[in-house]
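# Tertiary structure, described
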Amino acid sequence: MIDYIIVGFGIGGSVLSAHLEREGKSVFVVDGSAIKASVVAAGLYNPVVLKRYTMAWDAVNQLSYVKYFYHDLSNKLKTSIVEELPILRKFHSAEEQNKWFQKIDKPALSMYLSPYLVSEPTDAIEAPFKYGQVMHTGRILVKKMLVTYSEYLKEKSAYLQEEFDYSLLQINNDEVSYKGIQAKKIIFCEGFGLKHNPFFNYLPLKENKGTYLIIECESLKLKEAIKSYYFIVPLGGNKYKFGATYEHQFSKENYDYEVKVALISYLDDLLSVPYKIIDQVTGVRPTVKDRRPLIGRHFNHTNLYILNGLGTRGVMIAPTVAKHLVAFMENEEALPNEIDCSRFAPK
């Protein structure tokens, strides 16, 4: 018998697997082949909400753990998945500049917002009001992490690539069983696939669709991620990711075309040099109405658990909440109320 079955292997499932294996627990992953929001994600870790110049939720605690965790996972997988990447906020007016400097005086923000303006990271973007730099930022190579980790698990015969069939899950008092695999507990980390989960679909998960354009631009020569209205993130080899949109309501028939036209319009305003669109990628982020993750145990089945609702900052949030969940499952340490899924009672 193994310790845990994990359903879903995006950012949440992979980070949780790493925490459990680090505790000496055995895991078996069942993961569908659908495109995940995790693969589409830019993978930036950044403690500041750049639209309002405010600290993201629990950002100090999360950031202090993020680099340690992902460097440790890099060592485990024998590949580098962490990049140091400066993040710049393009100012569109003198008022935005002034607001930045006003926020620097706030104790919570003073160590993350640089007091020195950045002038010209690239000639391809006109920025008469210059840029502000967020400190202590970087990027997790999410796709590389997921591919490498899944191969690692396949070598241990601990990874099954198929959609999970809930009707085949057998639940007993002290174990669960799925297709002959017996485990002490099962954890669901399916992202927006939660809507098909008969055990946890009462939870108020919302779809937040995000789209990026992948472009090629030889003249851009950018080594930083820049936030204007959207992010533009260097991928190497003169390729860049531009986006992402945040759509709660959209036309499924025309969404891809409409969002492409909108992104091109913003990109044309941002860049003063020619570029080529080489791809368009879309994922559905799992978000919650109170903007906090869904972590915890099923209200009726004591061996069913969930880790979901990581939203747009998954790479930053996942390590801390996974650590909380492992401590809860293994040591009965209480979960913080604001992330405990029991805050939403089933109807």
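A short tour of the structure in this document, coming up. (Residues numbered from 1 in each chain as written. Predicted model: local features only at pLDDT ≥ 70, side-chain atom pairs only at ≥ 80, totals over all residues. Heavy atoms only, no water.)

## Regarding the sheet that holds strand S15 (residues 225–227)
Taken together, seven strands build an open sheet; the order of strands is S8-S7-S15-S16-S17-S14-S18 and the sheet is mixed. The sheet terminates laterally at strand S8 (131–134) and strand S18 (276–288), the two strands that pair on one side only. Mean inter-strand twist for the sheet, computed between neighbouring axes without regard to direction, equals 25°. With three bridges joining them, strand S7 (residues 87–90) and S15 adopt parallel strand pairing. For Leu 88, the partnering residue across the bridge sits in S15 and is Ile 226. Where helix H6 (residues 255–270) meets the sheet, it contacts S7, strand S14 (205–216), strand S16 (231–236), strand S17 (239–243) and S18, and its direction lies at approximately 55° from that of S14. (Pairing = 2+ DSSP bridges. Helix = DSSP H or I, 4+ residues; strand = E, 2+ residues; numbered from the N terminus. Axes fitted to C-alpha atoms, helices over the stretch in contact; angles between N-to-C directions. Contact = heavy atoms within 4.5 Å.)

## Focus on the side chain of Thr 320
As for its placement among the helices and strands, Thr 320 is situated in helix H7 (residues 314–331). Residue classification places Thr 320 among the buried positions, given a relative accessible area of 8%. What Thr 320 contacts, discounting residues up to four positions off in sequence, is Asp 58, Asn 61, Gln 62 and Tyr 65. (Buried < 20%, exposed > 50% of the residue type's maximum accessible area, 1.4 Å probe, protein only.)

## A short note on the pairing of strand S20 (residues 304–308)
With five of five residues buried, S20 lies mostly within the body of the structure. The side-chain alternation of S20 yields two buried faces, one formed by Leu 304, Ile 306 and Asn 308 and the other by Tyr 305 and Leu 307. Alignment of strand S13 (residues 181–188) against S20, held across three bridges, turns out to be parallel. Within S20, the residue paired with Ile 187 across the bridge is Tyr 305. As defined by bridge partners, strand S19 (residues 294–297) adjoins S20 across four bridges and the pair is classed as antiparallel. Its bridge partner lying in S20, Arg 297 is registered against Tyr 305. What sits between S19 and S20 in their antiparallel hairpin is a turn of six residues.

## What to know about the packing of aromatic side chains
Enumeration over the complete set of coordinates arrives at 20 aromatic pairs. Note on Phe 164 and Tyr 166: the rings are 5.2 Å apart at their centroids and 70° apart in plane angle, and the pair reads as edge-to-face. On the basis of relative accessible area, Phe 164 is assigned to the buried category, the value being 10%. One aromatic cluster in this structure is built from Phe 164, Tyr 166, Tyr 178, Phe 188, Phe 199 and Phe 200. Geometry around Tyr 212 places Lys 241 over its ring, the cationic atom sitting 5.0 Å from the centre. (Phe/Tyr/Trp six-rings, centres within 6.5 Å; stacked < 30°, edge-to-face > 60°. Lys NZ or Arg CZ within 6 Å of the ring centre and 35° of its normal.)

## Remarks on the environment of Ile 2
Its location among the elements puts Ile 2 in strand S1 (residues 2–7). On a C-alpha basis, the gap between Ile 2 and Phe 344 in space is 30 Å, while along the polypeptide they are 342 residues apart. Leave out the neighbours within four places in its chain, and Ile 2 touches Ser 26, Val 27, Phe 28, Ile 181, Gln 182, Ala 183 and Lys 184.

## Section: the sheet that holds strand S3 (residues 44–45)
Overall, antiparallel pairing links the three strands, which are arranged S3-S9-S6 in an open sheet. At either end of the open sheet lies a strand with only one pairing partner, and these are S3 and strand S6 (82–84). In the sheet, S3 pairs with strand S9 (residues 138–140) via two bridges, with the strands oriented antiparallel. Residue pairing across strands places Tyr 45 opposite Gly 138, the latter belonging to S9.

## Quick notes on the state of the cysteines
Using the criterion set out here, one finds zero disulfides in the structure. Cys 341 supplies the cysteine sulfur nearest to Cys 189, a cysteine that is in no disulfide, at a spacing of 12 Å. (Disulfide = S-S within 2.5 Å.)

## Some points on the packing of helix H1 (residues 11–22) against helix H5 (residues 142–155)
One way to put it is that H1 packs onto H5 with a least axis distance of 10 Å and a crossing angle of 50°. Our classification of the angle between H1 and H5 gives oblique. Crossing angle aside, the handedness with which H1 passes H5 is left-handed. Mapping the contact onto sequence places Ile 11, Ser 14, Ser 17, Ala 18 and Glu 21 in H1 and Val 142, Met 145, Leu 146, Tyr 149, Tyr 152 and Leu 153 in H5. Counted by class, the contact of H1 with H5 contains eight nonpolar, two polar and one charged residues. (Parallel < 35°, antiparallel > 145°, perpendicular 65-115°, else oblique. Left-handed = near helix turned anticlockwise from the far one by under 90°. Nonpolar A, V, L, I, M, F, W, Y, C, P; charged D, E, K, R; others polar.)

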